[in-house]
There are 2 protein chains.
Amino acid sequence: MTENLKRAVTMADIARLANVSKPTVSRALSNSPLVNEKTRNHVLSVAAEQGYAVNRNAQKLRHKRTNTIAVSMDFRSHHENHISDPFMFDLLAGVSEALGDHNQDLLLCAPNHNDAAAFRQILNERGADGFIILGQGHRESMLKDFARTGAPIVVWGAAAEDANYCVVGSDNFRGGQLVGEYFLEQGRRHFLFVGDTSFREMHLRQEGLRSAIEAAPYDTLFDDIELREFSYNAAYDAAIRYLDVIESRPDAIFAWNDTAAMAFISALRDAGVDVPGDVSVVGYNDIPAAQYFSPPITTIRQDTHQAGRVLAAKLLRIVDGETPKSALIRTELIRRDS
Amino acid sequence: MTENLKRAVTMADIARLANVSKPTVSRALSNSPLVNEKTRNHVLSVAAEQGYAVNRNAQKLRHKRTNTIAVSMDFRSHHENHISDPFMFDLLAGVSEALGDHNQDLLLCAPNHNDAAAFRQILNERGADGFIILGQGHRESMLKDFARTGAPIVVWGAAAEDANYCVVGSDNFRGGQLVGEYFLEQGRRHFLFVGDTSFREMHLRQEGLRSAIEAAPYDTLFDDIELREFSYNAAYDAAIRYLDVIESRPDAIFAWNDTAAMAFISALRDAGVDVPGDVSVVGYNDIPAAQYFSPPITTIRQDTHQAGRVLAAKLLRIVDGETPKSALIRTELIRRDS
DNA sequence: GCGCCCGCTGAAACCAATTTCAAAGGGATT
DNA sequence: AATCCCTTTGAAATTGGTTTCAGCGGGCGC
């Protein structure tokens, strides 16, 4: 072992070696104007030569600010529900990048329990300044409780009218509209929305779709399937069951995400239906597989980089005591062949 | 604001309220046998009533152990290379779960620079006990340098013979063998390996494939394409170019991952080739899209949960001063229709 | 009755930084 | 020459825990 793995060199060591006091070293390292240029350079060179790095824990203890943001990602339910949608991970990547740019540490958490107390405890124990919660799900009331304790949080999702916390999400209503407009361009008449509208995001997508097709210059039909399971197989089965029951087939299907869209397309094709000839199917999220699928899937893309930046920026403002408004992220229709 | 968001209540407060001293509170909370049963219960009830949570930063400062593990994930190159393979994220999920079970905090890092100094700095500054590095890539010599500084690290990848650090990865050689055996079952004769064998993992997969087909009771042909770009489109283009040039078409293709397999299948089908009739194509990783693709892709699945557990367990042993051996993760052939 | 040991408790030191506050040194002003 | 001020510095306090060490009181053995 060439060098002891526990950092032996502390600020006091640097001070001794540089023939100055601890506070001077501290000031030199933090670019304080209180220290003389020459002294600073000397201290910095000694520090560099010793391979010194400040102990962030001591720093965090002393400052009230920890420069650490907790990010919760519900891997468990992700896995249990067979949500294979990599979108959440793109979002995590965006958040990671944005937090890095703000020089914040990212503490990745997968809370065991979905109650405000568990979240509160993470915040206190781990000493994070705030919490980015990826995915609101059905936890709105819990999050409300959590926010009420004064916890600085930002949530990815869709804002309730009476939310007491900052929500950032894609413009789901606009997303639905874009899909509706796309369908109308093609002269589609019988629309089917597939999703679980008990999720606010899904409800908005449905409403957006509906609002767009109301503008149709001809008669239309609107239908929906409430799909409460998230797996590909559940969606496939639902499609088969649905096709069995209906009298007139829809010619335009908007699925809550790309995986469901793929499942519906597969089911339709297996039943001998031509996609997109007979039916157009549109997804959401633009996961990578969407473009490789055959046919490549028309879908709504959300800018995950922007999302990450906005989530990080809002939260840091909240930590600073401001109360920024909820925000919507760019939403874009990606035209493919489905 | 019902309650001040900065934790006002400290151990000293609890001590005062419980009419004991700070050390007694500390001992009570950590279940030390030094404190009387009755005292402990009293202290615990006061703490609970006050919603007290220890300040981990202070704890980390005092203990030498921080109970924090840094995990590096190269989102940047992930994005730049259009690696859309969600496998790495499954791996992250596995690691997150395993670290949680060991009561370790997970610090997610995306290092700016790929040099040992940058990694060393993260370890020192952020005060992590060790580093899990997801993806070895071409950084072996850097990692060697890093390990030489005494940094406790575990790397996901394939171990070099002379590695001075612990490597955990799937059994790539065995994975290649499984694919080879699968091909032989079907009587395939002309094999094509697609990947970048400058990556140790890929080389092993290739060697595994080769070793399996050497057992063929008939004449075989072995070919490979060195594919240095990772995107679907690059793979598709490579396939088209390759089909243009070759004289006899392979009837068994092993692609380095599922995305490349999908690209090859698409290219083949677009060229009028029947998959799996004329050619069998096998991927690696079993990403969700593999089963939804048409045809569903035969692939190698790696147990990401086991991977996470092993990575975490090895690293914690290293932190404790042991030097565990590198390890291989279960690898399994998933038979589908490609 | 004396000494010993054991169980339990708290005062003070410690971890590695930052911040407050006092003061030294030097230059400018009167 | 005395005063003032400004730049630069360091001693000591502070952050919230844990650990060391000394001590107190009671039970037990002799």
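Structure report, in brief. (Residues numbered from 1 in each chain as written. Chains lettered and ligands numbered in written order. Predicted model: local features only at pLDDT ≥ 70, side-chain atom pairs only at ≥ 80, totals over all residues. Heavy atoms only, no water.)

**Some thoughts on the interface of chain B and chain A**
The condition that has to hold: Working rule for contacts: check all heavy atoms of both residues, and any pair within 4.5 Å makes them a contact. Take the accessible area each of two parts loses on contact, using a 1.4 Å probe, and add the two losses: that sum is the buried area. Any Lys or Arg side-chain nitrogen found within 4 Å of a carboxyl oxygen on Asp or Glu counts as a salt bridge. The definition of a polar contact used here is a pair of N or O atoms within 3.5 Å, where within protein one atom must be able to donate a hydrogen and the other to accept one, and adjacent residues in sequence count solely through side-chain atom pairs. For helices the rule is a DSSP run of H or I covering at least 4 residues; for strands it is a run of E covering at least 2, with both sets numbered from the N terminus onward. Gly is put with the polar residues, along with every residue not named as nonpolar or charged; the nonpolar set is Ala, Val, Leu, Ile, Met, Phe, Trp, Tyr, Cys and Pro, and the charged set is Asp, Glu, Lys and Arg. Any two strands are treated as partners once DSSP identifies two or more bridges connecting them.
At the interface, 52 residues of chain B touch 52 residues of chain A. Carbon and sulfur atoms supply 55% of the area that chain B and chain A bury against each other, a total of about 4,600 Å² over both sides. Broken down residue by residue, the surface that chain B buries against chain A is led by Asn57(B), Glu125(B) and Tyr292(B), which jointly contribute 15%. Joining chain B to chain A, the criterion identifies one salt bridge. Measuring nitrogen to oxygen at the nearest pair gives 2.4 Å for the salt bridge that ties Arg126(A) to Asp105(B). The interface formed by chain B and chain A includes three residue pairs in polar contact (both at pLDDT 80 or more). Contributing elements (two or more residues each) for the side of chain B that touches chain A: α4 (56–62), α5 (75–80), α6 (87–101), β2 (105–109), α7 (116–126), α11 (232–245), α12 (258–270) and α13 (288–292) of chain B. Looking at the side of chain B that touches chain A residue by residue, the class counts come to 21 nonpolar, 17 polar and 14 charged. For strand β2 (residues 105–109) of chain A and β2(B), the ladder comprises three bridges, and the chain directions are antiparallel. Residue pairing in the sheet places Leu106(A) in a bridge with Leu108(B) of β2(B).

**Considerations on the sheet that holds strand β8 (residues 252–255) of chain A**
Residue and element names in this part refer to chain A. The condition is simple: In this description, a line fitted to the C-alpha atoms serves as the axis of each element, helices being fitted only across the stretch in contact, and the angle between N-to-C directions of two axes falls anywhere from 0 to 180 degrees.
Here we have four strands laid out as an open sheet, ordered β7-β6-β8-β9, and parallel in their pairing. Two strands in the sheet have a free side with no partner beyond their single neighbour: β7 (221–226) and β9 (280–282). This sheet shows a mean twist of 15° between the axes of neighbouring strands, independent of strand direction. Examined bridge by bridge, strand β6 (residues 190–195) and β8 share four bridges and lie parallel to one another.

**A closer look at the protein's contact with DNA strand D**
Here is the rule we go by: Summary of the distance rule: residues count as near a molecule or strand when at least one heavy atom falls within 4 Å of that molecule or strand.
For DNA strand D, the set of nearby residues contains 25 residues, the closest of which are Thr24(A), Thr39(A), Met11(B), Ser26(B) and Arg62(B). For DNA strand D, the fraction of atoms within 4 Å of the protein that belong to sugar or phosphate moieties is 61%. Here a phosphate oxygen of DNA strand D sits 3.0 Å away from a polar atom, N or O, in the main chain of Ser21(A). Between DNA strand D and Lys22(B), the relevant distance is 3.0 Å, taken from a base nitrogen to a side-chain nitrogen or oxygen of the residue. Mapped onto the surface near DNA strand D, the elements with two or more residues apiece are α2 (22–29) and α4 (56–62) of chain A together with α2 (22–29) and α4 of chain B.

**A look at the protein's contact with DNA strand C**
In the vicinity of DNA strand C there are 26 residues, among which Met11(A), Ser26(A), Arg62(A), Thr39(B) and Lys64(B) approach most closely. For DNA strand C, the backbone portion of the atoms within 4 Å of the protein, that is sugar and phosphate, comes to 67%. Separating a phosphate oxygen of DNA strand C from a side-chain N or O atom of Thr24(B) is a distance of 2.8 Å. Here a phosphate oxygen of DNA strand C and a side-chain polar atom of Thr39(B) are 2.6 Å apart. Mapped onto the surface near DNA strand C, the elements with two or more residues apiece are α2 and α4 of chain A together with α2 and α4 of chain B. If you tally residues by element for the surface near DNA strand C, the top one is α2(A), at four residues. A per-class count over the surface near DNA strand C returns eleven nonpolar, nine polar and six charged.

**So, the nonpolar core**
Condition: Put simply, a nonpolar core is a bunch of buried Ala, Val, Leu, Ile, Met, Phe, Trp, Tyr and Cys residues held in one set by side-chain atoms that sit within 4.5 Å of each other. Exposure is judged per residue with a 1.4 Å probe applied to protein chains only, and the accessible area is read against the type maximum: over 50% gives exposed, under 20% gives buried, and values in between give partly exposed.
Counting residues in hydrophobic clusters, the biggest one holds 100 residues, and the most contacted among them are Phe183(A) and Phe183(B). Contact partners of Phe183(A), with chain neighbours within four places excluded, come to Arg188(A), Phe191(A), Leu209(A), Ala252(A), Ile253(A), Phe254(A), Ser280(A) and Val282(A). Residues Val71(A), Val310(A), Val71(B) and Leu315(B) belong to the second largest nonpolar core, which totals 62 residues.

**Observations concerning the layout of surface pockets**
With a probe scaled to a water molecule rolled over the atoms, the places where space remains empty come into view. Residues and elements named next belong to chain A. Note the following rule: A cavity here means a set of 1 Å grid points, computed over protein atoms only, where a 1.4 Å probe fits but cannot escape. A pocket is an open set with protein on both sides within 12 Å along at least 5 of 7 lines, and lining residues have an atom within 4 Å of a point. Grid points are joined across faces, edges and corners, and a volume is the space filled by probe spheres set on the points.
By volume, the largest pocket is sized at about 1,300 Å³. In terms of lining, the largest pocket is formed by 43 residues, of which the most central are Tyr-52, Ala-53, Val-54, Asn-55 and Arg-56. In terms of residue count, α4 provides more of the lining of the largest pocket than any other element does, six residues in total. Tallied by class, residues from the lining of the largest pocket come to 14 nonpolar, 16 polar and 13 charged.

**What about empty space enclosed by the protein?**
Summed over the entire model, instances satisfying the criterion amount to five cavities of 30 Å³ or more. A volume near 70 Å³ is recorded for the second largest cavity. Forming the walls of the second largest cavity are Asn57(A), Lys60(A), Thr68(A), Asp105(A), Leu107(A), Arg126(A), Gly127(A), Lys60(B), Thr68(B), Asp105(B), Leu107(B) and Arg126(B). Of all the secondary-structure elements, those providing two or more residues to the lining of the second largest cavity are α4 and β2 of chain A together with β2 of chain B.

**Some points on the packing of helix α1 (residues 11–18) of chain B against helix α3 (residues 37–50) of chain B**
Residue and element names in this part refer to chain B. Note the following rule: Between 65 and 115 degrees an angle is taken as roughly perpendicular, under 35 as roughly parallel, over 145 as roughly antiparallel, and anywhere else as oblique. For any pair of crossing helices, the crossing counts as left-handed if the nearer helix is rotated counterclockwise from the farther one by less than a right angle, and right-handed if it is rotated clockwise.
Their axes nearest at 9 Å, the elements α1 and α3 cross at an angle of 120°. On the basis of the axis angle, α1 is oblique to α3. The hand of the α1/α3 crossing is right-handed. For the pair α1 and α3, the contacting residues are Ile-14, Leu-17 and Ala-18 in the first and His-42, Val-43, Val-46, Ala-47 and Gln-50 in the second. Residue composition of the contact of α1 with α3, by class: six nonpolar, two polar and no charged.

**Brief notes about the environment of Ala327(A)**
All names here are of chain A. The residue Ala-327 is located in strand β11 (residues 327–329) in this model. Classification of Ala-327 as buried rests on a relative accessible area of 18%. What Ala-327 contacts, discounting residues up to four positions off in sequence, is Val-167, Val-168, Gly-169, Val-310 and Lys-314.

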